[in-house]
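Coordinates in review
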Amino acid sequence: MVVTTTWYLALGAVLFSLGAVGLLIRRNPLVMFMCVELMLNAVNLTFVSLGAELGDLGGQLSVFFVLVVAAAEVVVGLAVVVAIMRRRQGATADDLSVLGG
Amino acid sequence: MLDLVWLIPALPLAGFLVLTFGGRRLGEPWAGWLATGAMAGSFLVTAGVFLDLVGRDAHDRRSVTTLFEWVPAGDLQVDVGFLVDPLSLTMCLFITGVGALIHLYSIGYMHGDGDFPRFFTYLNLFAFSMLMLVLGDNLLLTFLGWEGVGACSYLLISFWFTDEANATAGKKAFVTNRIGDWGFMVAIFLTFFTFGSVAYVDVLDTTAAGTVAQSTATFVAVMLFVGAIGKSAQFPLYLWLPDAMAGPTPVSALIHAATMVTSGVYLLTRINPVIADAADWVPTMIAWTGAGTALFAATIAVAQRDIKKVLAYSTVSQLGYMFLAVGCGAYVAAVFHMVTHAFFKALLFLGSGSVIHGMDGDQDMAHYGGLRRFMPVTAGTFIIGWLAIAGVPPFAGFWSKDEILAFAWNESPLLWVVGLVTAVLTAFYMTRQVVLTFFGRRRFADPRPDEVDAAWAARLIRADEAVEAARTAVVDAEAAAEACRGTTAGADAEAAVVEAEGVLAAAVEALAGAEDLVTDVRAAADARAELPALALDDAPYVGAVADELPETVAARASHHPHESPWTMTLPLGVLAVLSLLGGLIQLPFSSTTKRLEHWLEPTLFHNEVHLSIGAGTLWVLAVVAVAGGAVGIAVAVAAYGRRRIDHTVFERPVLAEAWRFDRTVSNLMGGPGRAGFEATAAFDRRVVDGAVEGVATLVRREAGVLRRFHNGLVRTYAVGIGLGAVGLVLWFLSRSSF
Amino acid sequence: MDATVFLISAAIVLVGALGVLVARNPVHAALFLVQTLFGVAVLFVLQDATFLAAVQVIVYAGAVVILFLFVIMLLGVDRAEDLGVEPIVGQRPLAAVIGASLMGLLLTLLLVATDGPTGALGRTAPLGDGADNTRRLGEALFTDYVFAVELTALLLTVAVVGAVVLARTVKGALHPLPVVVVATAEEPPGATEERSSVDSDTELDIASTESIEGGDA
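Residues numbered from 1 in each chain as written. Chains lettered and ligands numbered in written order. Predicted model: local features only at pLDDT ≥ 70, side-chain atom pairs only at ≥ 80, totals over all residues. Heavy atoms only, no water.

What follows is about the overall build of chain A. Tallying secondary structure elements over chain A gives three helices and zero strands in all. Listing the helices and strands of chain A from first to last along the sequence gives α-α-α. Evaluated residue by residue, chain A yields a buried proportion of 66% over its 101 residues. Here the contacts in chain A between residues at least 6 apart in sequence split such that 60% fall between residues at least 24 apart. A total of about 3000 Å² of accessible surface is found on chain A, and carbon and sulfur atoms cover 73% of it. (Helix = DSSP H or I, 4+ residues; strand = E, 2+ residues; numbered from the N terminus. Buried < 20%, exposed > 50% of the residue type's maximum accessible area, 1.4 Å probe, protein only. Contact = heavy atoms within 4.5 Å. Areas by Shrake-Rupley, 256 points an atom, 1.4 Å probe, with all protein chains shown as cover.)

Written as structure tokens, this is what we have:
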């Protein structure tokens, strides 16, 4: 059995869906972040697979930058989470609905 | 002189402006003289322009002077300009002429009124509007004048507005006119739509060239006819004119006799090419409306007691004649009658105003009688006016009315019959008015019915009291007799008994006499109730209580009516001369004497119907008409003068109440009409407003529903994003091939 | 051989993902995440993206997840989350729908559709084998894409500065979080439409919330 690109892409799709579902279900903000990381990883996998199929380095370059930005995003996001969560123990994402109408 | 035509309306306008701001300071009588001066100046300019036009050739007599651009709105270009042609100039002549005379008259009539300057302010504004109406060179300018005269009519009818009845009459006039104005407006819209312009020159020339569809011409003609019947008080929009008599008499003379009410006839004459191009039933409708209204109003005038109401209904009737003439295609006859009617009707109104002035405001003809000794000039001029309107040759009214009747015969004998009957009735009621006012017994010295009734009632009370006293006396006498009989016998006692019985007998007799008296008084009072309101003879019921009447009766009898000052009698004289000689402008004997017809020819575009009856028939018709008039006069004199015929035969209540048409209209408007109005208002409130507010309510409700999605929870928004992503994938799926 | 490695790695990845989803304890979730990241790194190696595999392990698994754990420990949010109850009405069903349809549709798109990537665009640099990968990547980055690299450097600097500022310890008492009535299962969102836009429970005082800049309460 030859592993074609489609296998990788399918895995990426499943990983992405799992990440999306996790984001919607979990209430803990940190776990929600982790699900975002899952989705980003799925995207990275897709990029690399397609880059390999097309014989182009662009896929890996994109992953490089996605990685960097994801790292920055995590840093800032966690700082925000820290700033908010410090004020109340056991807060969840549901508690931040001041902007409700 | 022609380029000074703008002065004709400008002078009354200037008078109006000066009086608006400085009228109160000018006061009486200078405000009046200023207004009269403006009108006189206007008349002189008109005369000058007239002479100018007369000096020209017949086909050169139409001229348009444009002052300035009024409405430059895209395709619609309306200018303020004056169309000077024979028709408008004829109207201007008698508007300014008769108007100036009435202004002069008003100086005397309104003497002592606190609102003297305001009256002349309105009169001048009215004159300006009327002149714009006739001089305007397009339908919109005519409409401006149309509305202006309507507004001034309202202002002047309710001049003494502190009395609510006067204010209501003014409102009624305005509202009824408005119904007609709707027709006028629709006609203007359609004219612009069809011709691309509302100027007479464009409309009439295009129509006369025959390039207009018959349906368009019919519609325009009918709509303008609707406007005309509102302004000229034809059935069914005549209701306002009798009520308009609530205004001062000069107003009635100027507006509701000579000028404003003739604007409808003027309009129809102006658009004669449109009528000629319309369907055949349009002129027939106009003619029958006129004839019907003439007869209808004449029957009502027969039973009126107010001197001005008789003249009001008479005006409606004469306007009907003019509409009849227009409907028969006799435009010259209509204009001729308009001119003569202006003379004699203004004369009659001013004369009646003089009578009212002399009688200190009493307008009921039942209180007049024998006034010619006290007001000889008024009586003389009034009689001339009467002869004119009754159609007695050689006065002006005879010639014009006869011409209309000739054209009516030409159109349809039935129309002629209606016209003839109306002429007979006209002669009858005008004679009635003259006889009741100026001849016969001096009823102004009579006690009023309520005063007599009060005297009789007092007498009845006294008679009843006498009966009571008599009864008491009888009882006392009986008791005394009983007492006498009961005492001891003796010659003295017997004599006393006889005496007592004598007293008793006398008392019983007195009682019988008192009871008879009561019966007599009651019978006399009942007899009084059955007498007609108009007491032509000495009333027997009065004499018995003549000494018991209040002082006011004697005061009234000794206060004789007086003749009016020269400011009022001079116009009467001038108008009397015009009523006598007015027929000269259109004598039917030969072509040279038909001056009015030649003069008006350029404005008629050959739409004047030609009489297809011979001179012999014309003579017969004339003789029959004069005979009819004579019959009417004779019957009236017999009924009211010589009392050979019972006058109550003619004065039916249904006629006095104007066939109860006014009341029917009120009930209709008050009952189903009001229901209709309120339904419309409710519809507006619930459906129209409801739709608008319903939109707001709907939005609010939907917003309330949609608000649920904004709960501020990130995870809900994430669900939204997820759904969007699914949608995106679906889209890609739909675009890919399998 | 490739297939075997792939399948094993795929299994590792998916198990890790599922673990993140269902782990009650956030620390456990972080560890499962590490598992997923390792699996993905193996898949990178399989595709000759050796440099990225290394970076994945070092940066992602080595730094980012450690950061996660640090924050978890710092805030004490290691208390287990109650996964049994879902306060928002309809969230679970909708999540299921979204997940299922996303997965299904994507797989359909991948497996059934005949259009594949064309590779017509995006010619950056040719791909080498695993040994050459780092050099090629370095060349491409620092010649063609050096501007982007500098920007990412700037981005990282800003992120660090921002994180330091945001997560500073402030002096004085901390304002409590505003208590807002959340639409719970008992009270469906629609029932709250009567409440005005400014809830009386809200103690959030916008003007004075941010002592983050100030430092004085």
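That covers the picture; the talk isn't over yet.
Per-residue pLDDT for chain A averages 88, and the proportion of residues at 70 or more is 97%. Averaged pLDDT values for the elements of chain A fall to 91 in helix H3 (residues 58-85) of chain A and rise to 93 in helix H1 (residues 5-25) of chain A. (pLDDT = per-residue confidence, 0-100.)

Moving on to a nonpolar patch on the surface. Residue and element names in this part refer to chain B. On the surface, a nonpolar cluster with roughly 750 Å² of combined accessible area is contributed by Val-18, Leu-26, Trp-30, Trp-33, Leu-34, Trp-566, Leu-570 and Val-574. Assignment of secondary structure puts Val-574 in helix H23 (residues 566-581). Residue Val-574 is classed as partly exposed on the basis of its relative accessible area, which comes to 33%. (Patch = residues over 30% accessible without salt bridge, like charges linked within 9 Å, V, L, I, M, F, W, Y side chains within 5 Å. Salt bridge = Lys/Arg side-chain N within 4 Å of Asp/Glu carboxyl O.)

With that settled, consider the pattern of salt bridges. Residues and elements named next belong to chain B. Taken as a whole and judged by the stated rule, the model has 13 salt bridges over all chains. Glu-147 serves as the salt-bridge partner of Arg-178, at 2.6 Å between the closest nitrogen and oxygen. Residue Arg-178 is located in helix H6 (residues 164-195), and its partner Glu-147 is located in helix H5 (residues 139-157); the two are separated by 31 residues in the primary sequence. Here Arg-178 and Asp-181 are joined by a salt bridge, their closest N and O atoms 2.9 Å apart.

Our next topic: helix H2 (residues 29-54) of chain A. Residue and element names in this part refer to chain A. Its 26 residues place the ends of H2 38 Å apart at the C-alpha level, agreeing with the 38 Å of an ideal helix rising 1.5 Å per residue. By the criterion of burial, H2 is predominantly enclosed, with 19 of the 26 residues buried. N-cap assignment for H2: the residue whose side-chain oxygen lies 3.1 Å from the backbone N of Leu-30 is Asn-28. Note on H2: the residue one or two positions beyond its end, Gly-55, has a positive phi of about 70°. (Expected span 1.5 Å × (residues − 1). Polar contact = N/O pair within 3.5 Å; in protein donor to acceptor, adjacent residues only side chain to side chain.)

As a further point, take the interface of chain A and chain C. Across the boundary between the two partners, chain A contributes 78 residues, which contact 96 residues of chain C. Between chain A and chain C the total buried area reaches about 7800 Å² when both faces are included, carbon and sulfur atoms providing 75% of it. Linking chain A to chain C there are zero salt bridges. Applying the counting criterion to the chain A and chain C interface returns nine residue pairs in polar contact (both at pLDDT 80 or more). Among the elements that take part in the side of chain A that touches chain C, H3 of chain A stands out by supplying 23 residues, more than any other. Residues belonging to the side of chain A that touches chain C are distributed by class as follows: 53 nonpolar, 15 polar and 10 charged. (Buried area = accessible area lost by both parts, 1.4 Å probe. Nonpolar A, V, L, I, M, F, W, Y, C, P; charged D, E, K, R; others polar.)

The residue Asn-124 of chain B is located in helix H4 (residues 116-135) in this model. In contact with Asn-124 of chain B, not counting residues within four places along its chain, are Pro-12, Gly-15, Phe-16, Leu-19, Ala-35, Ala-38, Met-39 and His-103 of chain B.

Turning next to the pairing of strand E2 (residues 76-84) of chain B. Residue and element names in this part refer to chain B. Looking at chain direction, strand E1 (residues 63-73) and E2 are connected through nine bridges and run antiparallel. Bridge pairing in E2 links Ala-73 to Leu-76. Here E1 hands over to E2 after two residues, with Gly-74 in that stretch at a positive phi of 65°. (Pairing = 2+ DSSP bridges.)

Attention now moves to the packing of helix H1 (residues 7-26) of chain B against H4 of chain B. All names here are of chain B. The N-to-C vectors of H1 and H4 enclose an angle of 160°; their axes lie 8 Å apart at closest approach. Classified by the angle between their axes, H1 and H4 sit roughly antiparallel to one another. At the point where H1 passes H4, the crossing takes the left-handed sense. The segment H1 lies against H4, with Ile-8, Pro-9, Pro-12, Leu-13, Gly-15, Phe-16, Leu-19, Thr-20, Gly-23 and Arg-24 engaging Pro-117, Phe-120, Thr-121, Asn-124, Leu-125, Ala-127, Phe-128, Leu-131, Met-132 and Leu-135. Partitioned by chemical class, the residues of the contact of H1 with H4 number 14 nonpolar, five polar and one charged. (Axes fitted to C-alpha atoms, helices over the stretch in contact; angles between N-to-C directions. Parallel < 35°, antiparallel > 145°, perpendicular 65-115°, else oblique. Left-handed = near helix turned anticlockwise from the far one by under 90°.)

Residue and element names in this part refer to chain B. Following Phe-235, the chain continues to Pro-236 via a peptide bond in cis, the omega torsion being 0°. Counting through the fold element by element, Pro-236 comes out in the loop between helix H8 (214-231) and helix H9 (240-243). The linkage connecting Pro-393 with the following residue, Pro-394, adopts the cis geometry, with an omega of 0°. Turning to its location among the elements, Pro-394 is positioned in the loop between helix H16 (376-389) and helix H17 (396-411). Positive phi, normally seen in glycine, also occurs at Ala-233, with a value near 55°. Looking at the element boundaries, Ala-233 is found in the loop between H8 and H9. Of note in the backbone geometry, Asp-360 takes a positive phi value of approximately 60° without being a glycine. Along the polypeptide, Asp-360 turns up in the loop between helix H15 (331-358) and H16.

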